[in-house]
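Take a look at the letters that make up each chain.
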Amino acid sequence: MDAVDIRFMDFKEMVENLLIKDGSSMIPETIDRLFADIANINRESMAEMQDSQIEEMAVNLWNWAIIKKGALGLSEEQSAKLRHVACKLMCMCEGSAASEEAIQRQILLNMKTGKGWVDGGNAVIADEFFQAAMAGLEKLYVKLMQSCSTEVHVTMQKTATESDLFRVLSYQAESAVAQQDFQRASTCVLRCKDMLIRLPKMSGYLHILCYSFGIETYKQNKYEESSFWLRQSYDTGKMDKLSVPQEMLGKVLRLLATAYMDWDGKEYYKALSAVNLANKEHLTPGGLSLKMKILLKYETAKEEFLGAIMEILHRDMSLDFCLSIAKLLMYHERESLGSYFLKIICEHFKSSENIGKALLFHVEMLLQRKEELLATEKIEEIIIGHQTGRQLTTELVGCLHNILWKKAAQSFQVEDYADALHWYCCSLRFYACDQTFLDFARLQRNMAACYLHLGQFDKAKEAVTEAERRDPTNIFTKFYVFRIAILEGNSDRALQAIAPSENLLRAEEQEENDVVTNRSLVSMFFSLAAQCALQNEQQIVAEKALEYLAQYSEDGQQVIIALKCLLRLVLPKVSHMPESENKKKQMDRLLTCLNTALPKLAQYFDGEVSTSGSRTNEAHWFRKTAWNLAVQCNKDPVTMREFFIISYKLSQFCPSDQAVLIAQKTCLLVASAVDLEKGRKASTISEQTMLLNRALDQIHKCRDIWNLLKETGDFSSDPCETLLLLYEFEVKAKMNDPLLDSFLESVWELPHLESKTLETIASLAMEMPAHYPSIALKALKKALFLHKKKESVDVLRYSKCMHSLINLFVPDGVPNEELCPLEEIWGCCEDALSLISHTEGYPEMEILWLMIKSWNIGIFMYSSNKYTSSEKWCGLALRFLDHLGSLKRSYETQIHVLYSELLETLNNKKGPTC
């Protein structure tokens, strides 16, 4: 049924629909509507219904609330609301002429409805129903008096009415307590108490009710009110000792004594009287203990304490209880009384098998009071007793060791190592007569620590040897073995002690809580080992300990510190090493350190650049260290690249100022250059592809950085732009990128493209596996054009460029007229010859090469029967010959003879000319 139906349904329909629902989600809403509407319902508004129908509706609703409370899990409030509605409906049916039975029914319904509201937490509404019940009782009483014919009948009716009155008053008291109205609550309860003469069977009920009030108000620190309720509880409980056991009366009195004690210092005698009465009613250890607490709270004479102590002994309380009282006395600074009671306890229970508890407690108390000589004597007594038959249990043996170790630890903390050793020796003496002690290895380690501080190295070594024999895998044992080895200068033994092993790192296999603890222990172990080694100038051992610490610690800050220390130790050695296999190993080691630092710094910054000065300084330090190591690897480009890449990654945690951007640019440029060089030498296509792709990714990152860097200043002299262009061209050319031409379109349009860059593009275009002769030709032509534009031509570079261009036109070998554009070649040769004629310094070997190339073309033309062209090209060769220097004499005679023979042959030939 939805909310719209409910909204327009009249009251009767809502009740009827509720009664047939079973688990509907609309039940809470329906109950709330009924509760809200009942205030507006009266008998006149339901005039069409008979009283019997309304009564039936009320009874059904009441019964439904009772049945469904458990079945549907109705709350106390929801149940109270339904009773509220049912009760109101029932009361509508009975006017002033209601019968005795009807009035009694109304009284019962009002009482139970009011009680329901008290239980539901709304005492204000409850009072309304209790008042209606009281009014009904008065009305019923009058009616009964009028109808009774005999005195016996009157008495019976009065008794029945008083029973209901008692119940209503008790409910009103509950409501008043809930509303913190002590005056009204106490008035109701006192009226109930007066009625107990006629209703003795209600004593137990009132006793429990008052006790519950006492507990509730005690929890609220209302000690005066609590004491009132507890007194009433005790008084009413005494009236019915058959149903109220003495145990309960004692419980009430003990709480009453506690309330007096917490209430006011002036209530000392009331508290003491109450607890004495409680112990008389029902003696318990708690009652005797409470009495002692009351005595301790006030300035009680020693005699009273002694009396209380003797009472405890006479009551045959257990040893544990007696010891708890002794501890209580000690805790409240009554040491003399506590010590005296302890002596009595030891004497009283001397034949008990548990006397060891008292003896140990006595030792502990003597140590707390700094009566160490007496404590030592008592320990000696315990040891002798243990050896002669009065043995302590295994548990007590452990307790004794704990007491001694606690005292030793206190002395150790204040650097009184001799005293600490004394107490450890006491523990060792007890071990001699009971070798079941499981922590013997730990005892030996603690003694070794004391010996070391006292400078007794030989004894410390003996203790460590014994500890290692008993517990060799223990991490603390390993540390002391390590420490002894360091002091002896035995670095091999020290390294063996700190080497990670399955036992040392067993934290991985333990439960989660233990994992944290053991991993912390492992980190602490390596940290202390490194410190110890450094203090004793064992640098190799310290380095290894720091490596282990960085490897196994989960504390990022600790790892960073360890790596910085390690790097500072290793860097000076590496920088002075000659190139060797050992230096390569050390460089790899340092690279591992930096790669370990990277994720730890990433955890620091969590993917963002930090504004924290200390964290940024850490990143800068590691970045610069990686950079400096990269510079030292100039003879090992692969390792150099790794250091530059790690430097780049570390720099990403630093603010992007100009210096950092320059460093990032350089790192990526060098890394790209190395990858390209390795790609040229790659043995497989897949390896080459991987290297080229990696280089391309670095080039793109570098270009982004370069664009940012240009915004920070003038970098016109920086070759970065050109290098990026060349690197990217090489990658695209060698990977046969289909977009290569598109890429070059933007390159050709660059305003400041240099001839050297164009020459490099030409070279790369023809470097295997790339083969783009058209690109190479275009680049070389542009380069030659730029050379000729200059006021002062760089003859050497021009000659090389010209050589490359002509060699592209006419590759070495026999020329092919179809493939060689002879007119363009002729033009290039004429340009070269012109420059040679007007400029000094043209390389002689290049002139010779041009001469030979021209002569070979001429001979090719002759063989093709193109005699005129042959004469032309051979004549060009003679023109180049004229510009030779020292080599001219070697070729002059031979060339002229050949040329003369060629001319003679040409004159004799009659054929087509070219």
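Here is what the cut-offs are and how they apply
- Residues numbered from 1 in each chain as written.
- Predicted model: local features only at pLDDT ≥ 70, side-chain atom pairs only at ≥ 80, totals over all residues.
- Heavy atoms only, no water.
- Helix = DSSP H or I, 4+ residues; strand = E, 2+ residues; numbered from the N terminus.
- Buried < 20%, exposed > 50% of the residue type's maximum accessible area, 1.4 Å probe, protein only.
- Salt bridge = Lys/Arg side-chain N within 4 Å of Asp/Glu carboxyl O.
- pLDDT = per-residue confidence, 0-100.
- Contact = heavy atoms within 4.5 Å.
- UniProt positions renumbered as here; feature names shortened; annotations may be inferred.
- Core = buried A, V, L, I, M, F, W, Y, C linked by side-chain atoms within 4.5 Å.
- Axes fitted to C-alpha atoms, helices over the stretch in contact; angles between N-to-C directions.
- Parallel < 35°, antiparallel > 145°, perpendicular 65-115°, else oblique.
- Left-handed = near helix turned anticlockwise from the far one by under 90°.
- Nonpolar A, V, L, I, M, F, W, Y, C, P; charged D, E, K, R; others polar.

**Q** So what about the environment of Ile-498? Which residues, and what values?
**A** Positionally, Ile-498 belongs in helix α25 (residues 491–498). According to the relative accessible area criterion, Ile-498 is buried, its value standing at 0%. The spacing of Ile-498 and Val-541 is 43 residues in sequence and 9.1 Å in space, taken between C-alpha atoms.

**Q** Describe the pattern of salt bridges, and please don't skip the residues or the numbers.
**A** Scanning the model with the defined rule gives 44 salt bridges in all. Note that Lys-573 and Glu-543 form a salt bridge whose closest N and O atoms lie 3.0 Å from each other. Taken as a pair, Lys-573 in helix α28 (residues 556–575) and Glu-543 in helix α27 (residues 539–552) lie far apart in primary sequence, 30 residues in all. For Arg-797, the salt bridge identified is with Glu-759, shortest N-O distance 3.9 Å. Of the two residues, Arg-797 sits in helix α38 (residues 795–809) while Glu-759 sits in helix α36 (residues 755–765), which places them 38 residues apart along the sequence. Classification of Arg-797 as partly exposed rests on a relative accessible area of 24%.

**Q** Break down the confidence of the model for the chain for me, with residues and values.
**A** Averaged over every residue, the pLDDT of the chain is 84; the share at 70 or more is 91%. Contacts of residues 1–9 to residues separated by more than four positions or lying in other chains number 16 contacts, the stretch itself having pLDDT below 50. Across residues 507–517, confidence stays below pLDDT 50; counting only partners more than four residues off in sequence or on other chains, it has seven contacts.

**Q** Which residues make up the UniProt feature "repeat: TPR" (unreviewed entry) in the chain, and what values go with them?
**A** Listed under "repeat: TPR" (unreviewed entry) in the UniProt record, and renumbered for this structure, are residues 441–474. Between the end C-alpha atoms of residues 441–474 there is a gap of 9 Å, over a span that is 79% helix and 0% strand.

**Q** How would you explain the nonpolar core if you had to name every residue and give the values?
**A** Counting 169 residues, the largest nonpolar core has Met-292, Ile-294, Phe-341, Ile-345, Phe-482 and Phe-622 as the members making the most contacts within it. Once you skip the residues sitting within four places of it in the chain, Phe-482 turns out to touch Ala-494, Ala-497, Ile-498, Ala-529, Cys-532, Ala-533 and Val-541.

**Q** Pulling in residues and values, what's your account of unusual backbone geometry?
**A** Following Met-768, the chain continues into Pro-769 via a peptide bond in cis, with omega recorded as 5 degrees. Here Pro-769 shows up in the loop between α36 and α37 (773–789). Positive phi, normally seen in glycine, also occurs at Gln-180, with a value near 60 degrees. Inspection of the secondary structure assignment puts Gln-180 in the loop between α8 (151–178) and α9 (182–195). What makes Gln-180 exposed here is its relative accessible area of 54%. Even without glycine at this site, Asn-865 takes up a positive phi of about 65 degrees. When you line up the elements, Asn-865 lands in the loop between α40 (844–863) and α41 (867–881).

**Q** Break down the packing of helix α12 (residues 246–263) against helix α14 (residues 285–297) for me, with residues and values.
**A** Pairs of packed helices are described in terms of their axes, by the angle between the two and the distance that separates them. With their axes 11 Å apart at the nearest point, α12 and α14 run at an angle of 15 degrees to one another. Taken together, the axis directions place α12 and α14 in an arrangement best described as roughly parallel. The element α12 and its partner α14 pack so that their crossing is left-handed. Counting all contacts with α12, which are made through Arg-254, Ala-257, Thr-258, Met-261 and Asp-262, the residues of α14 involved are Gly-286, Gly-287, Leu-290, Lys-293, Ile-294 and Lys-297. Among the residues forming the contact of α12 with α14, the class breakdown is four nonpolar, three polar and four charged.

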